[in-house]
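Per-entry structural report
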Amino acid sequence: MTDAPAKRLFIKTYGCQMNVYDSARMADVLAPLGYAPAESPADADMVILNTCHIREKAAEKVFSDLGRVRAYRSERAAEGKDMIIAVAGCVAQAEGAEIMARAPFVDIVLGPQTYHRLPEMVARAARAHDGKTGAKSAGILDTEFPVEPKFDHLPAPRAEGPAAFLSIQEGCDKFCTFCVVPYTRGAEYSRPVADILREAKNLADSGAREITLLGQNVNAYHGVGENDEVWGLGRLARALADIDGLSRIRYTTSHPRDMDDALMAAHRDVPALMPFLHLPVQSGSDKILEAMNRGHTADDYRRIIATLRGYRPDMALSSDFIVGYPGESDKDFEATMALVREITFAQAFSFKYSARAGTPAAVLRTQVPEDVKDARLYALQELLLEQQRAFNKASVGRTFDVLLTHAGRHPGQLVGKSPYLQAVHVMADPKHIGAIARLKIVSLESNSLGAVWADASESTIKTA
Ligand code: SAH
Ligand code: SF4
Ligand code: F3S
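Residues numbered from 1 in each chain as written. Chains lettered and ligands numbered in written order. Predicted model: local features only at pLDDT ≥ 70, side-chain atom pairs only at ≥ 80, totals over all residues. Heavy atoms only, no water.

1. Some thoughts on the nonpolar core
Ile168, Leu213, Leu233, Leu236, Leu240 and Tyr251 are the most contacted members of the largest nonpolar core, which totals 52 residues. Excluding residues that lie within four positions of it along the chain, Leu213 makes contacts with Leu166, Ile168, Val218, Leu233, Leu236, Leu240, Ile249, Arg250, Tyr251 and Thr252. (Core = buried A, V, L, I, M, F, W, Y, C linked by side-chain atoms within 4.5 Å. Buried < 20%, exposed > 50% of the residue type's maximum accessible area, 1.4 Å probe, protein only. Contact = heavy atoms within 4.5 Å.)

Structure follows, in structure tokens:
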């Protein structure tokens with residue numbers, strides 16, 4: 001592909017699936033410069049930390065990890081080898097100048113909207129290093145939101161396995177009062193329909209059986225299609241389902257406000273649309289939902305779930321919750337617990353509210369004490385875990401179509417995903433990776449389900 005000398009690239013990814021997608025794209029744009037994956041940062045000619053700013057812990061971790069990377073660079077310098085260090089992602093976007101000041105040894109700081117320009121930045125950093133191992137370049141900071149969408153400048157991605165990610169939407173205009181995403185990712189943007197269909201076809205042609213459509217507000221998708229018509233996510237899902245070889249479609253993360261009927265009805269009509277939805281509700285208290293600027297009530301959420309379950313009775317649900325948002329009383333928290341008991345979730349993520357500088361909620365005087373947040377988080381997680389266990393336990397004895405994605409930890413074992421996003425393992429030949437197998441669930445482990453072939457012979461496998 002290239003005559004550039006072989007170099008090693010190590011990318012550490014924090015945060016959400018959009019960052020996972022972005023890390024893969026960064027590797028793609030650097031491949032023509034001769035960068036191939038490194039096993040560890042110690043062997044790398046270039047290290048990128050692709051960071052997350054969502055909660056304080058996530059952001060602080062970057063600085064401790066940078067210290068470690070710097071130590072690797074010193075060790076390499078002693079051997080006469082060089083290393084370029086870059087910080088990408090949402091901490092870079094929000095705290096670019098602070099990174100330059102706190103960690104002046106960093107060569108490149110780039111935001112999520114500028115990584116198509118990485119080759120140019122790397123060339124500049126390399127020139128600055130030229131002959132000075134372990135040296136710092138002038139320090140390159142590129143965190144603007146360029147007018148030209150980066151997607152137009154990225155090479156076409158290929159699938160790296162049977163399950164692939166595809167970013168269709170970025171950014172957020174909703175400004176929930178606790179959240180940094182509108183500031184780190186910028187305004188909402190939907191990629192054109194034709195670009196998405198082309199990328200999906202490429203992924204399917206290179207082996208993807210399942211595509212997860214990504215966006216901070218994926219169901220707010222409103223991309224331009226043929227004849228300048230605007231398509232929503234429901235219509236897009238229907239078109240994607242027609243692509244040869246593509247058997248499964250998922251999407252994340254959705255917002256309750258954008259859960260329109262066209263999308264919900266697609267769950268009834270499009271078998272490829274998997275019966276699993278991550279739909280964050282954050283809280284069950286209307287007072288807190290309003291204070292958060294979520295733009296929906298607990299009853300709105302209940303109605304959406306009822307409609308979805310009307311269309312697709314086996315719909316499994318997931319959500320995000322924040323406990324201890326400023327002003328949250330015991331009664332508000334109880335409303336969250338009541339909503340969880342009523343809806344029942346197959347899985348969920350829950351967090352203590354973390355004040356983020358620059359967001360409206362951070363300056364409220366009604367901050368909830370840490371010990372109260374701890375107790376609420378504990379109670380909520382106990383309840384959610386109990387529901388998750390019950391959901392998984394009810395799967396034992398049932399037969400599912402499982403997409404086998406990779407080898408398991410034990411020899412001879414393959415791991416896959418049920419329609420409900422449960423991890424399933426089975427003894428099977430590696431040649432079946434990429435197949436959708438009919439498996440009977442026979443056991444419940446702590447984080448996965450154990451299965452056997454539903455029909456005695458492996459020959460009955462559907463290959464998509
Ligand atoms: N766009 C998605 C959420 C993206 S952030 C949505 O609207 O649902 C992922 C999750 O992180 C959020 O759903 C929320 O539960 C959590 N989160 C965001 N900001 C937070 C904060 N300041 N403190 C604690 N959790 C937060
Ligand atoms: Fe953040 Fe709210 Fe936007 Fe989700 S909808 S990314 S929580 S501001
Ligand atoms: Fe984190 Fe940025 Fe994703 S803040 S959750 S990496 S959009």
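So, next bit.
2. Notes on the packing of helix H8 (residues 261-269) against helix H10 (residues 298-311)
Think of two packed helices as two axes; the pair is described by the angle between the axes and how far apart they sit. Viewed as axis vectors pointing N to C, H8 and H10 meet at an angle of 35 degrees, and their least axial separation amounts to 8 Å. Contacts from Asp261, Met264, Ala265, His267 and Arg268 of H8 reach H10 at Ile304, Thr307, Leu308 and Tyr311. Of the residues contributing to the contact of H8 with H10, the split by class is five nonpolar, two polar and two charged. (Axes fitted to C-alpha atoms, helices over the stretch in contact; angles between N-to-C directions. Helix = DSSP H or I, 4+ residues; strand = E, 2+ residues; numbered from the N terminus. Nonpolar A, V, L, I, M, F, W, Y, C, P; charged D, E, K, R; others polar.)

3. Structural notes on the pairing of strand S18 (residues 413-417)
When you tally the buried positions in S18, you get five out of five residues, the bulk of the element. Burial of S18 is two-sided: the residues Gln413, Val415 and Lys417 facing one way and the residues Leu414 and Gly416 facing the other way are all buried. Of the pairings in the sheet, the one linking strand S17 (residues 399-407) to S18 comprises four bridges and is antiparallel in character. Paired with His406 across the strands is Val415, a residue of S18. If you look at the hairpin formed by S17 and S18, you'll find five residues sitting between the two strands, and Gly412 has a positive phi there, around 85 degrees. The sheet contact formed by S18 and strand S19 (residues 423-427) spans five bridges and is antiparallel. Each residue of the ladder has a partner; that of Leu414, found in S19, is Val426. Between the antiparallel neighbours S18 and S19 lie five residues, among them Leu421 with a positive phi of about 65 degrees. (Pairing = 2+ DSSP bridges.)

4. Description of the site of ligand 2
Surveying the vicinity of ligand 2 reveals the residues Cys172, Lys174, Phe175, Cys176, Phe178, Cys179, Val181, Pro182, Asn217, His255 and Arg294. Considering only residue class, the shell around ligand 2 consists of seven nonpolar, two polar and two charged. (Near = heavy atom within 4 Å.)

5. A few points about the environment of Gly416
Looking at the secondary structure, you find Gly416 in strand S18. As for Gly416 and Gly310, which are separated by 106 residues in sequence, their C-alpha atoms are 28 Å apart. Filtering out sequence-adjacent residues up to four positions away, Gly416 remains in contact with Val402, Leu403, Leu404, Thr405, Gln422, Ala423 and Val424.

6. Overview of the domain arrangement of the chain
Each assigned domain of the chain is listed here: domain 1 (7-142), domain 2 (154-395) and domain 3 (399-453). Computed from C-alpha coordinates alone, the two centres of domain 2 and domain 3 are separated by 25 Å. Carbon and sulfur atoms make up 63% of the area that domain 2 and domain 3 hide from each other, which totals about 1,400 Å². Per-residue buried area on domain 2 facing domain 3 is highest for Pro162, Arg248 and Ser395; these three make up 37% of the total on that side. (Domains from an automatic or database assignment. Buried area = accessible area lost by both parts, 1.4 Å probe.)

7. Regarding the sheet that holds strand S15 (residues 316-323)
What the three strands build is an open sheet, ordered S14-S15-S16; its pairing is parallel. Strands with a single pairing partner mark the edges of an open sheet, and in this sheet they are strand S14 (276-278) and strand S16 (347-352). Mean inter-strand twist for the sheet, computed between neighbouring axes without regard to direction, equals 10 degrees. With three bridges joining them, S14 and S15 adopt parallel strand pairing. Across the sheet, residue Phe276 finds its bridge partner in S15, namely Ala316. Contacting S15 and S16, helix H12 (residues 370-393) runs over the sheet at an angle of about 175 degrees to S16.

8. Quick notes on the pattern of salt bridges
This model, assessed by the stated rule, comprises 36 salt bridges. Put simply, Glu210 and Arg250 hold a salt bridge, and the shortest N to O gap is 3.2 Å. Of the two residues, Glu210 is situated in strand S10 (residues 210-214) and Arg250 in strand S13 (residues 248-252); the sequence distance between them amounts to 40 residues. Taken individually, Glu210 and Arg250 each receive the classification buried, so the pair is uniform in this respect. Three or more residues are tied together by salt bridges with common partners; here these are Lys12, Lys61, Asp65 and Arg68. (Salt bridge = Lys/Arg side-chain N within 4 Å of Asp/Glu carboxyl O.)

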